[in-house]
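A look at the structure
Chain residues, written in single-letter form:
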Amino acid sequence: MAGGDSPAETKKGSSKTSKNSKESTLKQKSPAEFFAENKNIAGFDNPGKSLYTTVRELVENALDSSESISELPEVEVTIEEIGKSKFNSMIGLIDRERVDTKLYDDYETDKAREKRLVKEARASEIQAKNLASGKKNKEPGVSRVLKARGEASYYKVTCRDNGKGMPHDDIPNMFGRVLSGTKYGLKQTRGKFGLGAKMALIWSKMSTGLPIEISSSMKSQNYVTFCRLDIDIHRNIPHIHLHEKKANKEKWHGAEIQVVIEGNWTTYRSKILHYMRQMAVITPYAQFLFRFISETPEKNVTVKFTRRTDVMPPIPIETKHHPSSVDLLLIKRLVTDTSKKTLLQFLQNEFVNINKNLAARLIGEMGPDFSPGMAVKSVTSQQMVRIHQLFRQAKFDDPSGDCLSPAGEYNLRLGIIKELHPDMVATHSGSAQVFEGHPFIVEAGVSVGGRDVKQGINIFRFANRIPLLFEQGGDVVTRTALKRINWNSYKINQTQDKIGVFVSIVSTKIPFKGTGKEYIGDDISEIATAVKSAIQQCCIQLKSKIVKRLQAREQQERKRSLSRYIPDATGAVYEVLKQMTEEHTKKRKRYKEEETAMLEKVSKLIITKETLKEKLAEHVEQVDYEMALEYATQSGVSEEPRENIYLQQLNPNHSNFIDLHSPTFVFRLIL
């Protein structure tokens, strides 16, 4: 074929073009698929961390649910260990003995086994010789044992609460659709990603293939919703196995979530228990019951964190955006979603700290293309850029902290005392401050002494009232406590004393570093300054208490010194009195009338050495009592012995009352 390609060449070229076209085809991933492939973003780095994160997310969801209806939280968490045989029966798999043992990665060859046995025999012989000679044996080393991937550990995690519950029809999407939730919006909240239990379900699907089970009932409902579902990861939609209503005979309201996942209790046991303890510190108005059920009964763990107050923080309020905190994309979304007609109404109602007068001034500054009465939907992309530029350059009042819900000094102090039992504790709650247009409040507590507290500085970090346990080194609280506080100037020894530093930061936007929400960076000067100031205020309070305690010790030392010299002083004084009495009797020297009366008492043995000793001891006791009373009055605290006193829960019938808050107590007036 002159002037053209041969059929073979045409076919070859067509095949090559088809291959390139296939390779360059655009592909999309669903949100569920993305998080399944990047599960470390949500804290599911490994089986142990996944178990911890699952517990954390379920507990925080339970607290949010209870607090949303002003119900004192009651949260029960159970982790049940599931053996291989039980797990296989749950998924309908029959146990099978190994046939080809060499196929497994924990297979040990005859040579390796012989070498290991020789090594163990040698070690036993050395231990026997040391025991015979009285030498101390070293701890035996743990032999390296390979663990097959098929020998993973499985756990059933159950979390039950007394919260709001979930609507029957919404449950499938609330658990089976990633990036859908009720926590979106500008307000203080424990969660931001819309993941939580959804990520636990994804991990369950990846590690066990078992669905999640949800039971839920709302107040005044006469039924309990039961739903068993998993998630279609590729389509990001729920796959419902069972969705039904059951009779609610117990009139229960709340939610119970049960999920089976791969985990590692051994390595993350301390982290999970530490998390529960810190949660009890920051939420003393909640009651937690934690249980770990092992296949070996002696390894079971049950810990109950009792409620110590019924004073709850206010519910966080959703607020509007501050002009200095918005970006261009957010302005476009607000313009699209707003129900306001004019630009003036849009600025006045969609942002905080913009009143009608300021809105008119801003529109006048934007240029001739803008007017107060122009339709907000007619604003072009170029005009939105102009609005954004003006928002970044104009001066606005700072947003208030009224929308925030800190734990409160009373709850923070009570939580520290309840869990740590320190010798001294001081708390401070700062005023609302601002970074990048977002309000935040820093609360701090510093304790000295206590139960289960190590020597040195022990740091407890909280963000929006949730404990932060990982990546502590780079956190603003850690760096401030270790490098920016001169503890010696407050009479505190940072190496010898048992110091607890508690810092809680609440905000509509916590500036976490990384995606794991585990630490707050040290690069925001407003937060760093507020954290340092709050800790220093606590230290100032403690210094006053420590100085007064040192003064009291000095008084005790003076009392002991005086008491030690009472016999000698009494003897010397009595000898002088006897000598004066002899002189008076022989009329060698005349004394005043008062002195004469006293000398007569000495001669008649009314005043003796013993009576002088008693009177002097009484005087020392009286002086010590007066000084101690003055110290107690100034310090405002009672010294040992002392008893812990907690507020009892109100009778449910008493619903009308007013709380008057103080940093150290709450006075409740029942109407």
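Criteria and cut-off values
- Residues numbered from 1 in each chain as written.
- Predicted model: local features only at pLDDT ≥ 70, side-chain atom pairs only at ≥ 80, totals over all residues.
- Heavy atoms only, no water.
- Helix = DSSP H or I, 4+ residues; strand = E, 2+ residues; numbered from the N terminus.
- Contact = heavy atoms within 4.5 Å.
- Buried < 20%, exposed > 50% of the residue type's maximum accessible area, 1.4 Å probe, protein only.
- Polar contact = N/O pair within 3.5 Å; in protein donor to acceptor, adjacent residues only side chain to side chain.
- Expected span 1.5 Å × (residues − 1).
- Phe/Tyr/Trp six-rings, centres within 6.5 Å; stacked < 30°, edge-to-face > 60°.
- Lys NZ or Arg CZ within 6 Å of the ring centre and 35° of its normal.
- Disulfide = S-S within 2.5 Å.
- pLDDT = per-residue confidence, 0-100.
- Salt bridge = Lys/Arg side-chain N within 4 Å of Asp/Glu carboxyl O.
- Core = buried A, V, L, I, M, F, W, Y, C linked by side-chain atoms within 4.5 Å.
- Domains from an automatic or database assignment.
- Patch = residues over 30% accessible without salt bridge, like charges linked within 9 Å, V, L, I, M, F, W, Y side chains within 5 Å.
- Areas by Shrake-Rupley, 256 points an atom, 1.4 Å probe, with all protein chains shown as cover.
- Axes fitted to C-alpha atoms, helices over the stretch in contact; angles between N-to-C directions.
- Parallel < 35°, antiparallel > 145°, perpendicular 65-115°, else oblique.
- Nonpolar A, V, L, I, M, F, W, Y, C, P; charged D, E, K, R; others polar.
- Pairing = 2+ DSSP bridges.
- Left-handed = near helix turned anticlockwise from the far one by under 90°.
- Arc of directions from axis to C-beta.

Our next topic: the overall build of the protein chain. Tallying secondary structure elements over the protein chain gives 17 helices and 16 strands in all. Long-range contacts, defined as pairs at least 24 residues apart, comprise 74% of the intrachain contacts of the protein chain with a sequence gap of at least 6.

Residue position: T158 is located in strand β2 (residues 153-160). Classification of T158 by relative accessible area gives buried; the value is 13%. At 3.5 Å, the side chain of T158 forms a polar contact with the side chain of Q258. When neighbours within four sequence positions are excluded, T158 is seen to be in contact with E76, V77, T78, E256, I257 and Q258.

Let's shift gears to helix α3 (residues 47-67). Each α-helix turn comprises 3.6 residues. Residues three or four places apart therefore point the same way. The terminal C-alpha atoms of α3 lie 30 Å apart, and with 21 residues this matches the ideal 30 Å at 1.5 Å per residue to within 8%. The buried fraction of α3 is high, at 19 of 21 residues. Two or three places before G48, at the start of α3, stands the capping residue N46, its side-chain oxygen 3.1 Å from that residue's backbone nitrogen.

Turning our attention to the packing of aromatic side chains. The final tally for this structure, using the stated rule, is 13 aromatic pairs. Relative to F292, the ring of Y155 lies with its centre 6.4 Å away and its plane at 45°, an arrangement referred to as tilted. Taken together, the residues Y155 in strand β2 and F292 in strand β7 (residues 287-293) connect sequence positions 137 residues apart. F292 sits in the buried class, given a relative accessible area of 3%. Taking the centre distance of 6.0 Å and the plane angle of 20° together, the rings of W265 and F290 count as stacked. Separated by 25 residues along the polypeptide, W265 in helix α8 (residues 265-282) and F290 in strand β7 bring together distant segments of the chain. On the basis of relative accessible area, W265 is assigned to the buried category, the value being 6%. Here the basic side chain of K49 rests over the ring of F470, its NZ or CZ set 4.5 Å away from the ring centre. Its guanidinium or amino end placed over the ring of F470, K271 lies 4.7 Å from that ring's centre, counting from NZ or CZ.

Looking now at the state of the cysteines. Scanning all chains against the criterion turns up zero disulfides. Considering cysteine sulfurs only, C538 is the nearest to C539, which forms no disulfide, with 6.8 Å between them. Residue classification places C539 among the buried residues on the basis of a relative accessible area of 0%.

All right, on to the confidence of the model for the protein chain then. Here the protein chain averages 83 in pLDDT, while 85% of its residues score no lower than 70. In the model, residues 141-150 has pLDDT below 50 throughout and makes eight contacts with residues more than four positions away in sequence or in other chains.

Let us now look at the pattern of salt bridges. A complete count under the given rule lists 23 salt bridges for this structure. A salt bridge links E419 to K418; the shortest N-O distance between them is 2.6 Å. Residues E419 and K418 agree in their burial class; the two are buried. One salt-bridge network, held together by shared partners, links D64, E67, R190 and R465.

What follows covers the nonpolar core. Ranked by internal contacts, the top residues of the largest apolar core, which has 68 residues, are I79, F175, W265, F288 and F290. The element that contributes the greatest number of residues to this core is α8, accounting for ten residues. Formed jointly, this core draws a minimum of three residues from each of two domains, domain 1 (31-89 + 152-305) and domain 3 (413-638). In contact with F288, other than residues within four places in its own chain, are V59, L63, V75, M276, M279, A280, T283, V303, K304 and F305. Counting 36 residues, the second-largest nonpolar core is a separate cluster that includes F440, I485, I499 and A530.

Turning next to a nonpolar patch on the surface. On the surface, a nonpolar cluster with roughly 250 Å² of combined accessible area is contributed by M90, I91 and L93. The residue I91 is located in the loop between α4 (84-90) and α5 (110-133) in this model.

What follows deals with the packing of α8 against helix α13 (residues 409-420). At their nearest, the axes of α8 and α13 sit 7 Å apart, and the two run at 140° to each other. Between α8 and α13, the crossing angle belongs to the class labelled oblique. Contacts between α8 and α13 involve R277, A280, V281 and I282 from the first element and N411, L412, G415, I416, K418, E419 and L420 from the second. By residue class, the composition of the contact of α8 with α13 is six nonpolar, two polar and three charged.

Here we come to the pairing of strand β5 (residues 237-247). Looking at chain direction, strand β4 (residues 223-232) and β5 are connected through ten bridges and run antiparallel. Within β5, the position partnered with Y223 by the bridge is A247. Where β4 folds back onto β5 in an antiparallel hairpin, the turn is made up of four residues, including N236, whose phi is positive at roughly 55°.

A few words on the packing of α3 against α8. The N-to-C vectors of α3 and α8 enclose an angle of 20°; their axes lie 8 Å apart at closest approach. Between α3 and α8, the crossing angle belongs to the class labelled roughly parallel. Crossing hand, α3 versus α8: right-handed. Listed contacts from α8 to G48, K49, L51, Y52, V55, R56, V59, E60 and L63 of α3 are W265, Y268, K271, I272, Y275, M276 and M279. Considering only residue class, the contact of α3 with α8 consists of eleven nonpolar, one polar and four charged.

Our next topic: helix α12 (residues 381-393). With 13 residues, α12 extends 19 Å from end C-alpha to end C-alpha; this agrees with the ideal 18 Å at 1.5 Å per step. Of the residues making up α12, those classed as buried are Q383, M384, I387, H388, L390 and F391. For α12, the angular spread of buried residues about the axis comes to 165°, placing them on one side. Turned more than 90 degrees away from the buried face of α12 sit Q382, R392 and Q393, all of them exposed. The inward-facing, buried residues of α12 abut α9 (328-337), α10 (343-350) and α11 (356-366).

What follows is about the environment of V303. Looking at where V303 falls in the secondary structure, it is placed in strand β8 (residues 301-305). The class for V303 is partly exposed, based on a relative accessible area of 24%. Linking V303 and L273, residues 30 residues apart in sequence, is a C-alpha distance of 8.6 Å.

Attention now goes to the side chain of Q383. Of note, Q383 is situated in helix α12. Those residues in contact with Q383, other than ones at most four positions away along the chain, are D369, F370, M374 and S378.

This brings us to the sheet that holds strand β3 (residues 212-217). Read across the open sheet, the eight strands follow the order β5-β4-β3-β6-β2-β1-β7-β8; overall the sheet is mixed. Each end of this open sheet is capped by a strand with a single partner; those strands are β5 and β8. Across the sheet, the axes of successive neighbouring strands diverge by a mean angle of 15°, strand direction being ignored. Bridge count for β3 against β4 is five bridges, and the pairing is antiparallel. Residue E213 lies in a different strand from β4, and its bridge partner there is R228. Strands in contact with α3 are β1 (74-82), β2, β6 (254-263) and β7; relative to β6, the strand with the most contacts, it is inclined by about 175°.

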